[in-house]
Amino acid sequence: MAAMAPRLILTPQQFSITINRLCHQLIEVHDDFSDSVIIGLQPRGVNLARRIRQTLQEILKNDKILYGELDTTFYRDDFRKKDLVPNQTNINFIIEGKNVVLIDDVLFTGRTIRAGLDAMMAFGRPNDVELMVLVDRRFSRNLPIQAKYVGVTVDTISSEKVKVDWKENDGEDHIWLLTND
Amino acid sequence: MSRKLSVKHLLGIKQLTTDDIELILSTADHFKEVINRPIKKVPSLRDITIANLFFENSTRTRTSFELAERRLSADTVNFAASNSSVKKGETLIDTVNNILAMKVDMVVMRHPNPGACVFLSKHIDAKIVNAGDGAHEHPTQALLDAFSIREKHGTVKGKKIVIVGDVLHSRVALSNIFCLQKLGAEVMVCGPRTLMPRYISSLGVKVEYDLRKALEWCDVANMLRIQLERQDIKFFPTLREYTMQYGLDMDLLNSIGKEITIMHPGPINRGVEITSEVADSANSIILDQVENGVAVRMAVLYLLAGRSDD
């Protein structure tokens, strides 16, 4: 059977509202980010993390927010089950005692986040860790992991796919639900 | 770029494709970042046991492999031939099979006989990494040399590299020639005629007997160690004469009139192939080579252990 047409979950306008809301939720908790750091998970979480960082800088007029990008490849549990290609890790600070906001684009099984939590510990012992995702695929978790900040929640089955477009790479911001059967 | 190696073992550079080499180097970039973290360890190989079989002495390579293995969280067992049953007459296959019977997944082996790893790979199941076999190949050294050149110069392609000294007895030279050529570099060898293999030019390298001319040509000079322990006959009259002809000192280096990157696979015979001044000079990347060795070996072990099809 042919694949069904992709369903649009977020339009560019809704997308931007969502990013702004997530930033304000962060500011509620983290104030001026003097004790907090933002870490985007490679490869796709960094798109959201960069956008959040940029928006926070504009709102807070603060360009000193600590920001890093973390690759989880060497910590994954599906090593040897598929060929994994590492991405860059870029964290030039220690997270010891910091409040960490871990950012990924889509929360699905929770395995990437599990690996991310492990990988992060190589940079120190954080005071507190929170998770932010743009899309929470409810009912598909393999591990007891929940996000504190969620852009949009979708109910999906495992044959469906969530695709996030970024205007930096794809021209416009969208979230799509793709169905393959 | 490919996502996995085309080979199951790392027996030599000769068996690798250019894609394989580039995959190893780009993976090593990530491991270099890992070993500069506060916690220099990742759990990738925590379910893997690696045996380091050294039938020949080694400090640097063995330490480097051991560190690489531990930083990938692999379990390691070390085996040195000097105090083993090899002395009692056990064959290589028996020795290795006995170790593999204890459930070892990978073997890192150095052996005095060329081809020992290739031979072993035909008889056992475990993955094999050649850590030097006689005067044949030393693939991880060549990979870390290429990685260091790439780090210093941005690329290996188009660079001119001269390998100076005891080419005849050097596994580093042969692996380097294969590796650098596959990456698109121009390679020259330089040394006394007695230490030059007879058919070396059939490998497509330039041959030069005058060190000054070689230095004037090159961007990078890789100074090999004179392997006195492999010279069962005299290949040159005295060390002093060798040093006069092929030793690199500051005066010679300064008189060339351009910057040349100095490499050495170690251990250095200070005052023989290069003077202390040159070895410790700003253009020397000898210690970077050692640091990069751990990252490159981590990449090799990671990629071999991570092949998803077996």
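Only a predicted model underlies this, so the values are computations on that prediction, with no experimental measurement involved.

Caption draft 1: Structural context of the interface of chain B and chain A. Taken together, the contact pairs 14 residues of chain B with 16 residues of chain A. Residue classes in the side of chain B that touches chain A are distributed as 5 nonpolar, 5 polar and 4 charged.

Caption draft 2: View of the confidence of the model for chain A. For chain A, the average pLDDT comes to 91, and 97% of its residues sit at 70 or higher. Averaged pLDDT values over the elements of chain A bottom out at 84 in strand β1 (residues 4-10) of chain A and peak at 96 in strand β2 (residues 36-41) of chain A.

Caption draft 3: Structural detail: the domain arrangement of chain B. Residues and elements named next belong to chain B. As assigned here, chain B comprises domain 1 (13-137 + 291-305) and domain 2 (139-289). Computed from C-alpha coordinates alone, the two centres of domain 1 and domain 2 are separated by 25 Å. Every contact between the two is made by 22 residues of domain 1 and, on the other side, 25 residues of domain 2. It is helix α11 (residues 286-305) that provides the largest number of residues to the side of domain 1 that touches domain 2, a total of 6 residues. Taken together, the residues of the side of domain 1 that touches domain 2 break down into 9 nonpolar, 7 polar and 6 charged.

Caption draft 4: Quick peek at the environment of I94 of chain A. By the element assignment, I94 of chain A lies in the loop between β3 (66-70) and β4 (99-107). Note on I94 of chain A: 15 C-beta atoms within 10 Å, which makes it partly exposed. Sequence separation between I94 of chain A and G124 of chain A is 30 residues, and the spatial gap between their C-alpha atoms is 5.8 Å. In this structure I94 of chain A touches F123 and G124 of chain A together with P38 of chain B, once residues within four positions along its chain are discounted.

Caption draft 5: Focus on the sheet that holds strand β6 (residues 149-155) of chain A. Residue and element names in this part refer to chain A. Ordered in space as β3-β2-β4-β5-β6, the 5 strands form an open sheet in which the pairing is parallel. Among the strands making up the open sheet, the edge pair consists of β3 and β6. Between one strand axis and the next, the sheet turns through 25 degrees on average, direction left out of account. Of the strand pairs in this sheet, strand β5 (residues 128-138) and β6 are connected by 6 bridges, and their pairing is parallel. Note that in β6 the partner of R137 across the bridge is V154. This element, helix α1 (residues 12-30), spans β2, β4, β5 and β6 of the sheet and lies at about 135 degrees to β6. Relative to the sheet, helix α2 (residues 45-60) contacts β2, β3, β4 and β5, its axis offset from that of β2 by approximately 150 degrees.

Caption draft 6: Up close: the packing of helix α1 (residues 18-34) of chain B against α11 of chain B. Residues and elements named next belong to chain B. At their nearest, the axes of α1 and α11 sit 8 Å apart, and the two run at 120 degrees to each other. The handedness of the crossing between α1 and α11 comes out as right-handed. Facing α1, whose interface residues are L23, I24, T27, A28, F31 and K32, α11 presents N292, A295, V296, M298, A299, V300, Y302 and L303. Along the lines of polarity and charge, the residues of the contact of α1 with α11 split into 11 nonpolar, 2 polar and 1 charged.

Cut-offs and rules
Residues numbered from 1 in each chain as written. Chains lettered and ligands numbered in written order. Predicted model: local features only at pLDDT ≥ 70, side-chain atom pairs only at ≥ 80, totals over all residues. Contact = placed C-beta atoms within 7 Å. Nonpolar A, V, L, I, M, F, W, Y, C, P; charged D, E, K, R; others polar. pLDDT = per-residue confidence, 0-100. Helix = DSSP H or I, 4+ residues; strand = E, 2+ residues; numbered from the N terminus. Domains from an automatic or database assignment. Buried ≥ 20, exposed ≤ 12 C-beta atoms within 10 Å, placed from the backbone. Pairing = 2+ DSSP bridges. Axes fitted to C-alpha atoms, helices over the stretch in contact; angles between N-to-C directions. Left-handed = near helix turned anticlockwise from the far one by under 90°.

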